[in-house]
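Each chain is listed here by its residues.
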Amino acid sequence: TFLNLLAMLLLMQPNMPLAFLATKIHLTGPDRPIAASLGGEAVLPCHLSPRMSAENMEVRWFRSKYSEVVHLYHDGQDQYGEEMPEYRRRTALLKDDITNGRVFLRIRNVRPSDDGQYTCFFQSGVSYEEALLELQVAEPFFPKVNPSKVALWVILALLAVLMVLAGYCFWSRHRATGEVTKGENLGGFDSMFKRVSVPAPGSDSVTLSPVDVTLDPDTAHPNLDLSEDRKHVSHGTWDPPNKSEGFEHDIWVLGAEGFAGGRRYWEVEVGGKIGWYLGVCRESVSRKGKVTLTPEDGYWVVWLKGGVYQALTSPPTSLPMSIKPSRVGIFLDYEAGEVSFYNVTDRSRLFTFTDTFSGTLRPYFSPGYYVWGTNAALLKIFSLHWLTRRHTSNSLRYPSPLVPPCPQLKVLLIPKDQPQNPGQYTYQILHKNHDFANLLGCKI
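Residues numbered from 1 in each chain as written. Predicted model: local features only at pLDDT ≥ 70, side-chain atom pairs only at ≥ 80, totals over all residues. Heavy atoms only, no water.

Database annotation for the protein, UniProt heading Subcellular location (unreviewed entry): "Membrane". Among the UniProt annotations of the protein, the heading Sequence similarities (unreviewed entry) holds the following wording: "Belongs to the immunoglobulin superfamily. BTN/MOG family." (UniProt positions renumbered as here; feature names shortened; annotations may be inferred.)

Right under this line is the structure:
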């Protein structure tokens, strides 16, 4: 019969253990992700059940594709040179217990790109088994610190303190000589701007319309927790039992505001998080099934994942980061077809998507997975009170790279045809020159 013929063919395989024919074989790995630190070592275990020798089998470790070899063993020895270039001279197969079907893959000098899924594959003749493992790469809790860099930061901090003290002394001296005008007496629009000279925007500035973004609970994944004011979002205090590639993309929520034109700007606090997604998407995107976060599918998104910052182009674009952002600014220029991302911490531009927009766009937020509490920090929409409070004009000129406002120097913009109300439009100080602002590196 056909079954007898198949059994004879299997028995003719020279390297196949009889256990493969007599017993149902399983290949197992750990039931939870393996954690490793950047620059350290990762050890991924895999073993046959029930126990049997794997000395004459092929043992292959690969990433998402069979051809993406991380390490290969067959004919009783390691096949160096078959692995992908990024793993060359960084892997070793620990075979001390291979006679019992147990092996370990060791990866040295762990990199951010090592984060993700691995497949352990055993083959003997025409029979094979495989198991899926996950490696999570995180920065060490106590990274090595270069003493010279520490000294440089100490010096810079002292200089910053001296500059603030000098600015305070300068401001105090002018206040004593009557060159500071209190905000309680605004008089009129024309008289105010005779005293306060507002610099004209330079060629490197952009016109922003700060928007007070809130979260739309109707678009939120059921495992997300939103604050009552709809300004904060986090993932629930658990992780799904079977994370698969692309599943995390569903853990998101959209902004309640939609934009079909104009220039819009908002900021999001990301400090304390090891993973997040931010950007904009078309209002019409599908929220069912696997989602591909690319401009071709209606998403313009930047993420932090596995210690790597990337713009999700096709393929993704890595973003070099000298200073990690604790707050990210998103600037949408609808007519120009641009979505720009800024590191508000060091006032640098991270990336700009260029495209042609149609329909309504909405802000996109994902706090990432809970990751056993390591990514539990909230994703917070920052309230731009200093840009939006009492302003009746529709836009402001704001320099790019971003420059923060002076904390004690504020200018109120009021159209000439609007009635004045001094009690309603009171700010702290209006200064008639910009020496103090230039000294602190801020903008009036």
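(A) Highlighting the packing of aromatic side chains. This structure, assessed with the given rule, holds 15 aromatic pairs. Judged by centre distance (5.6 Å) and plane angle (50 degrees), the rings of Tyr334 and Phe357 are tilted. Note that Tyr334 is positioned in the loop between strand S21 (327-333) and strand S22 (338-343) and Phe357 in the loop between strand S23 (348-354) and strand S24 (361-366), a separation of 23 residues in sequence. There is no split in this pair, since Tyr334 and Phe357 are both buried. Put simply, the rings of Phe62, Tyr66, Phe121 and Tyr128 pair up and form one aromatic cluster. Here Arg63 stacks its cationic end above the ring of Tyr118, 4.2 Å away from the centre of that ring. Lying across the ring of Phe382, Arg327 places its NZ or CZ 3.6 Å from the centre. (Phe/Tyr/Trp six-rings, centres within 6.5 Å; stacked < 30°, edge-to-face > 60°. Helix = DSSP H or I, 4+ residues; strand = E, 2+ residues; numbered from the N terminus. Buried < 20%, exposed > 50% of the residue type's maximum accessible area, 1.4 Å probe, protein only. Lys NZ or Arg CZ within 6 Å of the ring centre and 35° of its normal.)

(B) Representation of the side chain of Ser234 within the structure. Counting through the fold element by element, Ser234 comes out in strand S14 (residues 232-235). Judged by relative accessible area, which is 10%, Ser234 ranks as buried. Setting aside residues no more than four positions away along its own chain, Ser234 makes contact with Asn223, Leu224, Asp225, Pro367, Ala376 and Leu378. (Contact = heavy atoms within 4.5 Å.)

(C) How the structure looks around the pairing of strand S18 (residues 299-305). S18 sits mainly inside the fold: six of its seven residues count as buried. Pairing of strand S17 (residues 276-282) with S18, which is carried by six bridges, proceeds in the antiparallel orientation. Following the sheet pairing, Trp276 is matched in S18 by Leu304. Adjacent in sequence and paired antiparallel, S18 and strand S19 (residues 308-311) are bridged by two residues, among which Gly306 carries a positive phi angle near 60 degrees. (Pairing = 2+ DSSP bridges.)

(D) Fine view of the side chain of Asp216. One can find Asp216 in the loop between strand S12 (205-208) and strand S13 (224-226). For Asp216, the residues in contact, after removing those within four places along its chain, are Val253, Leu254, Gly255, Ala256 and Arg362.

(E) Broad picture of the sheet that holds strand S3 (residues 42-49). Here four strands make up an open sheet; going across it, the order is S1-S3-S8-S7 and the pairing antiparallel. Only two strands of the sheet have a single partner each, and these edge strands are strand S1 (26-28) and strand S7 (91-94). Across the sheet, the mean angle from the axis of one strand to that of its neighbour is 20 degrees, orientation sign disregarded. The sheet contact formed by S1 and S3 spans three bridges and is antiparallel. Bridged to His26 within S3 is Ser49. (Axes fitted to C-alpha atoms, helices over the stretch in contact; angles between N-to-C directions.)

(F) Examining the sheet that holds strand S25 (residues 379-382) more closely. Ordered by their spatial adjacency, seven strands build an open sheet running S13-S14-S25-S16-S21-S22-S23, and the pairing between neighbours is antiparallel. The two strands at the open ends of the sheet, each matched to only one other strand, are S13 and S23. Put simply, the sheet's adjacent strands are angled 20 degrees from each other on average, direction ignored. For S13 and S14, the ladder comprises three bridges, and the chain directions are antiparallel. Considered in S14, the bridge of Leu226 is made with Val233.

(G) Quick look at the UniProt feature "transmembrane region" (unreviewed entry) in the protein. According to UniProt, the feature "transmembrane region" (unreviewed entry) maps to residues 150-171 in the numbering used here. Taken end to end, residues 150-171 is 100% helix and 0% strand, and its two terminal C-alpha atoms sit 32 Å from one another.

(H) Structural context of the state of the cysteines. Inspection of every chain in the model, using the stated rule, returns one disulfide. Note that Cys46 is cross-linked by a disulfide to Cys120, the S-S spacing being 2.2 Å. Note on the Cys46 and Cys120 pair: the S-S dihedral is about -105 degrees, so by sign convention the disulfide is left-handed. Pair noted here: Cys46 is in strand S3 and Cys120 is in strand S9 (residues 116-124), with a separation of 74 residues, a long-range link. With respect to burial, Cys46 and Cys120 carry one shared label: buried. (Disulfide = S-S within 2.5 Å.)

(I) Inspection of the pairing of strand S5 (residues 69-74) at higher detail. Burial analysis of S5 places five of its six residues in the buried class, which makes it a mostly covered element. In this sheet, S5 lies alongside strand S4 (residues 58-62) in antiparallel orientation, the contact comprising four bridges. Following the sheet pairing, Trp61 is matched in S5 by His71. In sequence, S4 turns back onto S5 through a hairpin of six residues. As paired elements, S5 and strand S6 (residues 77-78) share two bridges and run antiparallel to each other. For Tyr73, the partnering residue across the bridge sits in S6 and is Asp78. Connecting S5 to the next strand, S6, in antiparallel fashion are two residues, including Asp75 with a positive phi near 55 degrees.

(J) Layout of the confidence of the model for the protein. The pLDDT averaged across the protein works out to 76; a share of 68% of its residues lies at or above 70. Low pLDDT (under 50) marks residues 9-16, which in the prediction has 14 contacts with non-local residues, meaning those over four places away or in another chain. Confidence drops under a pLDDT of 50 for residues 242-249, and excluding neighbours within four residues, the segment shows 20 contacts in the predicted structure. (pLDDT = per-residue confidence, 0-100.)

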